[in-house]
Amino acid sequence: MDANGNISAAVFAAYQKCSTKAYLMVHGEKSPDSVFADTRGCIAAEYKARVSQNLGFGSTNKVVSFDHLRLTGVSAECMSTLLVDCETTSYGCDLPVPVRVGSQAERSDPGHGYVPVAFSAWNKRDRSDDLLVCFGAMAIQQAIGGEIPSCGKVIYGEGYCGRTVKIADHLPKTRQIVEAVASASLDREPPPLVLNKHCAICDFQTRCRAVAVERENLSLLGAMTAKERSQNGEKGISTITQLSYGYRPRRRRRIKSTAPRASPPVKHDHKLKALAIKKAQTHVVGSPTLSIQGMPVFMDVEGVPDRDYYYLIGLRYEAEGIPVEKSFWADGPEGEREIWRQCLCALKLVEKPQIVHHGAYESRFLKAMRERWTASIEDADFLDQLIDGAVNLLGCIYGRIYFPTYSNGLKDIARWLGFEWTCSQASGSAAMLIRRCWELTSDESLRRELIAYNIEDCRAAELVAEALARICGTSESGGKTKLETVNVESLEVGFQRTFGKFPSALPEFEKINAAAYWDYQRSKVYVRTDKAIRRTIENSVKPVKKVAVEKEVTVDDKPACCPRCGASKMWVATRLSQTVFDLKFTRRGIKRWVVRYRYNSYRCGACKAEMTIYQRRSKYGQNLCAYIIYLLIDMRLSRQKTAEHVATLFNLSITASAVHNVKSAMARYYEPTYRWILEQIRSGPLVNADETKGVVYGGGHYVWTFANLTSIAYVYSSSREASILDEVLAGFKGVLVSDFYGAYDAVPCQQQKCLIHLMRDINEDVLKHPFNEELTFIATRFGSLLREIVETIDRYGLKKRNLGKHKRSAERFLNDVAELRCATEVGIALKKRIDKNKEKLFAFLGYDGVPWNNNNAEHAVRAFTRIRNVMASSTPKGTNEYCVLLSVQQTLRCRGIRFLDFLRSGRIEVEPSVCS
């Protein structure tokens, strides 16, 4: 901004790149260096001269400066078209802002009026050029009065292409930038400093970087996005040191000693990067590798992205111990093929060449050359080998090696290792500026500067490769300068355990450790030391004595005649018996009850067929089976513990597999009861639904819970897909209460989302982002509303006649959230979540008996998780059986019926009086 308070075009353009740069220019602060401004000025002047020469601007089509227009007061009537250079314009903040744009008639007549024009030496179109044209149009209207020119023009690229810009399309954005710059001119403090890509070609980069380093600004971390910086800012983290304290070493998992430890996923950790910077130490994750098998050839390539061609290739390698450096330069796109041919010839002279580069630019270059310039079969095979064997140093570094530098760029790492470029401001962006300036001026010093920069990049890549080789342990040199490394695994918290498999280093240690186990010492050592222990061991290995029979029953089951031939002559073929183990419940407790049934097998005298009327049953009686299921489901004992319990209390020899068979048989028996429970839930007015993971071999299996006030059902599913909801809730017309899992939204019924889930999520977001005003606003309003509703529920219960008074408050809350303007990611996500479910958050206010949370289903889920901990692992069949029996047990508990009594009764239907 000049002394008269006008915003110059340079300040306007600077604001689009960086608000800090615009602020400094507005307040007249001088940059430490003007090399980039001078280079851009040279490019602009030379380009405008060539445009004027090639397009033949004359008296009828003349380009004038804004100052000339303002001082001479030339009228548009004296010539057909007057082109005004937008880079010379300025806009007065104190003057009124134009509001009208030229008419359609004027727009359709390009031979009359003022036309703002911008010049761009680059072939790539940029929106900033369109905004600059619009800014020039505003300045012209302010200077001469009348309407804003309706159209402007951008002349760009080597072909001097012209593009028409409609001022009305960009006017709102341009005004917004002008207002922001005017506001910045009144501020005493600069805007928050944020380093960006423009810093590489900004004359203020030294000043801004020094300030950022002093303040430990997070924007120094090149890999951290603006979104991630904003998230950290909401947590109160604004410096690199603060970020470093957030790094938490992983807790080492308990794994088998024979299994190789899996490498951590390759992911850049900003917190670990901050820790490396704070400690000034290189941190290494896992075991990075750098494989260079042949002769390393360090390559660096420079190109012109806006015209998609490469003009400079640099190579550095050793030949007989002497460093060799070669550069291949192309004056224009037509020379690209020749420098590529020369590069291939040079590489063929190297024995087993292997390209080494930093970043993906060279990889894309090699692939582009293979596709762009067809080669002989021999050259194609050679090129394929080069591409396949190329080593990207950045790929070795990323996520594995954290240098104490602000980024993983070649400049940062090489400078930390002690390398310096001839030009302290060297960068790829600066090289593009210098190249364009050379194209327009043919200055030989600029060409030499680019070639020197390119070779220095190759030398820097070689230095970084040597450092990586030492870190990876593949270097033969013993240099240790600045390479003190910290293995991140040394920071991890080891798994603390007292017992476990002993990974012995020597066979002798293995044998000694095995002899120290308790079982081994008790059975091999202590048994020879103490007679009491010997007797204990001997008694423990004795087989269970034959169980005494409490009662014998003789079954008189002689058939009257042969069912096959009808003969009446029958005689006893075999005398048989069956022992049934059962329990007898008395008023004073439970006792073992073993009954032996004696019966005969008869043979027909005529047809010799054998038969018996007695039907063999399970060896375990009804009461014993009921007691086993009670221990499994109600007492949550494992099958092994259940077998030990029965053997200890009743001296019955029963195995874990027998317990499993009993469980399967009882699950089949109560299958009708289970189906009846599901039907009761489906036909009721309310369903609470939730899901949790099962413990089926292979993983990925789920158990869904469906509950109402009197029934609970568990349904096994092989996945978390919503198809199970269509099957279980087919025809359901009531209200579904659930969490925010998207699968429930597909159920065609009225729904109520669990507000406890929403409250917990909001609370967690507020704790993570304590300085986020958007979250605080929503949380405060939501908490006040829900507290009033809960107080009404505590006083009157879930009755819509009492809850209806809160409907207006709920609508006001939803409207306030919908109108809230959120700028942060977490605020936008919460607002979107509330807007999406606004019809489902307070639906319970219009119903009787509908809860505002999903605690019924969550309580039922906890019942399954307790069983799941006992199951350890299962199959789909086994999980289904547990679901059937647990559904019966939980439903009976909701209805006040004792589970064991119900099992002993043998009924499969629940009492009607309890069901109603």
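Residues numbered from 1 in each chain as written. Predicted model: local features only at pLDDT ≥ 70, side-chain atom pairs only at ≥ 80, totals over all residues. Heavy atoms only, no water.

Undergrad: Tell me what's going on with the overall build of the chain, and back it up with residues and numbers.
TA: Within the chain one finds 36 helices and 24 strands. Among the 916 residues that make up the chain, the fraction classed as buried is 45%. A total of about 48,400 Å² of accessible surface is found on the chain, and carbon and sulfur atoms cover 51% of it. (Helix = DSSP H or I, 4+ residues; strand = E, 2+ residues; numbered from the N terminus. Buried < 20%, exposed > 50% of the residue type's maximum accessible area, 1.4 Å probe, protein only. Areas by Shrake-Rupley, 256 points an atom, 1.4 Å probe, with all protein chains shown as cover.)

Undergrad: Would you mind going over the sheet that holds strand β10 (residues 309-319) in detail, with residue names and values included?
TA: Strand order in the open sheet formed by 5 strands is β11-β10-β9-β12-β13, and the pairing between neighbours is mixed. Sheet topology places β11 (322-329) and β13 (391-392) at the edges, where each strand pairs with a single neighbour. Relative to β10, strand β9 (residues 295-304) is paired through 7 bridges, and the arrangement is antiparallel. Looking at the pairing, Val301 lines up with Ile313 of β10. Relative to β10, helix α17 (residues 428-441) is tilted by about 115°, and along the sheet it contacts β9, β10 and β11. (Pairing = 2+ DSSP bridges. Contact = heavy atoms within 4.5 Å. Axes fitted to C-alpha atoms, helices over the stretch in contact; angles between N-to-C directions.)

Undergrad: Could you give an account of a nonpolar patch on the surface, naming the residues involved and the relevant values?
TA: Together, Leu506, Phe509 and Ile512 give the surface a local cluster of nonpolar side chains, amounting to about 290 Å² of exposed area. When you line up the elements, Ile512 lands in helix α19 (residues 507-514). (Patch = residues over 30% accessible without salt bridge, like charges linked within 9 Å, V, L, I, M, F, W, Y side chains within 5 Å. Salt bridge = Lys/Arg side-chain N within 4 Å of Asp/Glu carboxyl O.)

Undergrad: Could you give an account of the sheet that holds strand β15 (residues 485-487), with specific residues and numbers?
TA: Across the sheet, which stays open at both edges, the 3 strands sit in the order β14-β8-β15 with mixed pairing between neighbours. Each edge of the open sheet is held by one strand with a lone partner, namely β14 (401-402) and β15. Across 3 bridges, strand β8 (residues 282-284) lies against β15 in parallel orientation. Along β15, the bridge assignment pairs Thr282 with Thr485. Docked against the sheet, helix α11 (residues 270-279) engages β8 and β14, running at close to 145° with respect to β8.

Undergrad: A description of the side chain of Asn772 should follow, citing residues and the corresponding values.
TA: In this structure, Asn772 sits in the loop between α27 (755-768) and α28 (773-796). A distance of 3.3 Å separates polar atoms of two side chains, one belonging to Asn772 and the other to Glu234. Filtering out sequence-adjacent residues up to four positions away, Asn772 remains in contact with Glu234, Thr824 and Val826. (Polar contact = N/O pair within 3.5 Å; in protein donor to acceptor, adjacent residues only side chain to side chain.)

Undergrad: Describe the packing of α28 against helix α30 (residues 807-819), and please don't skip the residues or the numbers.
TA: In the contact formed by α28 and α30, the axes pass within 10 Å of each other and the chain directions differ by 175°. As the angle between them shows, α28 and α30 are arranged roughly antiparallel. Side by side, α28 and α30 meet where Phe777, Ile778, Arg781, Phe782 and Leu785 of the first sit next to Ser809, Ala810, Arg812, Phe813 and Asp816 of the second. The residue inventory of the contact of α28 with α30, partitioned by class, reads 6 nonpolar, 1 polar and 3 charged. (Parallel < 35°, antiparallel > 145°, perpendicular 65-115°, else oblique. Nonpolar A, V, L, I, M, F, W, Y, C, P; charged D, E, K, R; others polar.)

Undergrad: Lay out empty space enclosed by the protein with the relevant residues and their values.
TA: All told, the structure shown has 3 cavities of 30 Å³ or more when counted by the stated rule. By volume, the largest cavity is sized at about 60 Å³. Taken together, Ile633, Asp634, Arg636, Ala863, Arg866, Ile867, Leu886, Gln889, Gln890 and Arg893 make up the lining of the largest cavity. Of all the secondary-structure elements, those providing two or more residues to the lining of the largest cavity are α22 (622-634), α33 (855-871) and α34 (876-894). (1 Å grid on protein atoms, 1.4 Å probe; cavity = no way out; pocket = protein on both sides within 12 Å on 5 of 7 lines; lining within 4 Å. Points joined across faces, edges and corners; volume = space filled by probe spheres on them.)

Undergrad: Mind laying out the side chain of Lys411, listing which residues take part and the relevant values?
TA: Assignment of secondary structure puts Lys411 in helix α16 (residues 410-416). What Lys411 contacts, discounting residues up to four positions off in sequence, is Trp421, Ala426, Ser427, Tyr453 and Asp457.

Undergrad: I'd like a description of the pattern of salt bridges, backed by residues and values.
TA: What the rule picks out here adds up to 38 salt bridges. The salt bridge involving Lys48 is made with Asp85; its shortest N-O contact spans 2.6 Å. Of this pair, Lys48 sits in helix α3 (residues 35-55) while Asp85 sits in strand β3 (residues 81-85), and the two are 37 residues apart along the sequence. For Arg596, the salt bridge identified is with Glu552, shortest N-O distance 3.1 Å. Of this pair, Arg596 sits in strand β18 (residues 589-604) while Glu552 is found in strand β16 (residues 551-554), placing the two residues 44 residues apart along the sequence. On the accessibility criterion, Arg596 (18% relative accessible area) is buried. Given the relative accessible area of 44%, Glu552 is considered partly exposed.

Undergrad: Which residues make up unusual backbone geometry, and what values do they have?
TA: One non-glycine residue, Lys352, adopts positive backbone phi at about 50°. Looking at the secondary structure, you find Lys352 in the loop between α12 (336-348) and β12 (353-357).

Undergrad: Account for the confidence of the model for the chain, with residues named and values stated.
TA: Across the chain, the average pLDDT comes to 86, with 88% of residues at or above 70. In this model, residues 103-112 is a region of pLDDT below 50 whose contacts with residues beyond four sequence positions or in other chains number 13 contacts. Scored below 50 in pLDDT, residues 255-260 makes 3 contacts in the model with residues more than four places away or belonging to other chains. (pLDDT = per-residue confidence, 0-100.)

Undergrad: Which residues make up the environment of Cys134, and what values do they have?
TA: Its place among the elements puts Cys134 in helix α6 (residues 127-144). Separated by 18 residues in sequence, Cys134 and Pro116 have C-alpha atoms that sit 7.8 Å apart. Residue contacts for Cys134: discarding those within four places in its chain leaves Ile167, His170, Leu171 and Thr174.

Undergrad: Report on the packing of α3 against α17, specifying residues and quantitative values.
TA: Think of two packed helices as two axes; the pair is described by the angle between the axes and how far apart they sit. Contact geometry of α3 with α17 gives a least axis separation of 9 Å together with a crossing angle of 35°. Along this stretch, α3 crosses α17, giving a crossing that reads as left-handed. From α3, Phe36, Thr39, Arg40, Cys42, Ile43, Glu46, Tyr47 and Arg50 reach across to α17, where they touch Ala430, Leu433, Arg436, Cys437, Glu439, Leu440 and Thr441. Taken together, the residues of the contact of α3 with α17 break down into 8 nonpolar, 2 polar and 5 charged. (Left-handed = near helix turned anticlockwise from the far one by under 90°.)

Undergrad: Which residues make up the packing of aromatic side chains, and what values do they have?
TA: Counted under the stated rule, the structure contains 22 aromatic pairs. On the numbers, 5.8 Å between centres and 65° between planes, the contact of Tyr310 with Tyr361 is edge-to-face. Here Tyr310 is found in strand β10, whereas its partner Tyr361 is found in helix α13 (residues 361-372), with 51 residues between them in sequence. Accessibility expressed as a relative area gives 9% for Tyr310, which makes it buried. Site record: aromatic cluster; members linked through ring pairs are Tyr310, Trp340, Tyr361 and Phe365. Above the ring of Trp593, the side-chain terminus of Lys584 is found at 4.2 Å from the ring centroid. One Lys or Arg, Arg617, reaches over the ring of Tyr597 and ends 4.7 Å from the middle of that ring. (Phe/Tyr/Trp six-rings, centres within 6.5 Å; stacked < 30°, edge-to-face > 60°. Lys NZ or Arg CZ within 6 Å of the ring centre and 35° of its normal.)

Undergrad: Describe the pairing of strand β7 (residues 161-166), naming the residues involved and giving the relevant values.
TA: Two strands pair when backbone bridges link them, and strand β6 (residues 151-156) and β7 are joined in this way by 6 bridges, in the antiparallel orientation. Among the inter-strand pairings, Ile155 is bridged to a residue of β7, identified as Gly162. What sits between the antiparallel neighbours β6 and β7 is a turn of 4 residues, in which Gly157 has the positive phi angle 80°.

Undergrad: Now, about the state of the cysteines: what can you tell me, with residues and values included?
TA: By the definition in use, this model includes 0 disulfides. Just so you know, Cys396 is unpaired, no disulfide at all, and the nearest cysteine sulfur is the one on Cys472, 4.2 Å from it. (Disulfide = S-S within 2.5 Å.)

Undergrad: Provide a residue-level description of a positive patch on the surface, including the pertinent values.
TA: Residues Arg636, Arg760, Arg862 and Arg866 make up a contiguous surface patch of positive charge. Within the secondary structure, Arg866 sits in helix α33. (Lys, Arg positive; Asp, Glu negative; His and termini not counted. Charge placed at Lys NZ, Arg CZ, Asp CG, Glu CD.)

Undergrad: Could you give an account of helix α14 (residues 377-389), with specific residues and numbers?
TA: Turn by turn, an α-helix covers 3.6 residues, leaving residues three or four places apart pointing in a common direction. For α14, which comprises 13 residues, the first-to-last C-alpha distance of 18 Å matches the rise-based estimate of 18 Å (1.5 Å per residue) to within 8%. Along α14, the residues classified as buried are Asp379, Phe382, Leu383, Leu386 and Ile387. Projection of α14 onto a plane perpendicular to its axis shows the buried side chains occupying an angular sector of 135°, all on one side. Exposed positions of α14 whose direction lies more than 90 degrees from the buried face are Ile377, Glu378, Gln385 and Asp388. (Expected span 1.5 Å × (residues − 1). Arc of directions from axis to C-beta.)

Undergrad: How would you summarise the pairing of β10 if you had to cite specific residues and measurements?
TA: By the criterion of burial, β10 is predominantly enclosed, with 9 of the 11 residues buried. If you look at the hairpin formed by β9 and β10, you'll find 4 residues sitting between the two strands, and Asp308 has a positive phi there, around 55°. Pairing analysis gives 8 bridges linking β10 to β11, with the strands arranged antiparallel. Note that in β11 the partner of Arg316 across the bridge is Glu325.

Undergrad: So what's going on with α6? Which residues, and what values?
TA: A rise of 1.5 Å per residue sets the reference length of α6, with its 18 residues, at 26 Å; its end C-alpha atoms lie 26 Å apart and thus fit the reference within 8%. Within α6, 15 of the 18 residues are buried, leaving the element largely enclosed by the surrounding structure. For α6, the N-terminal cap is Asp126; the gap from its side-chain oxygen to the backbone nitrogen of Ser128 is 3.2 Å. Downstream of α6 by a residue or two, Gly145 has a phi angle that is positive, lying close to 80°.

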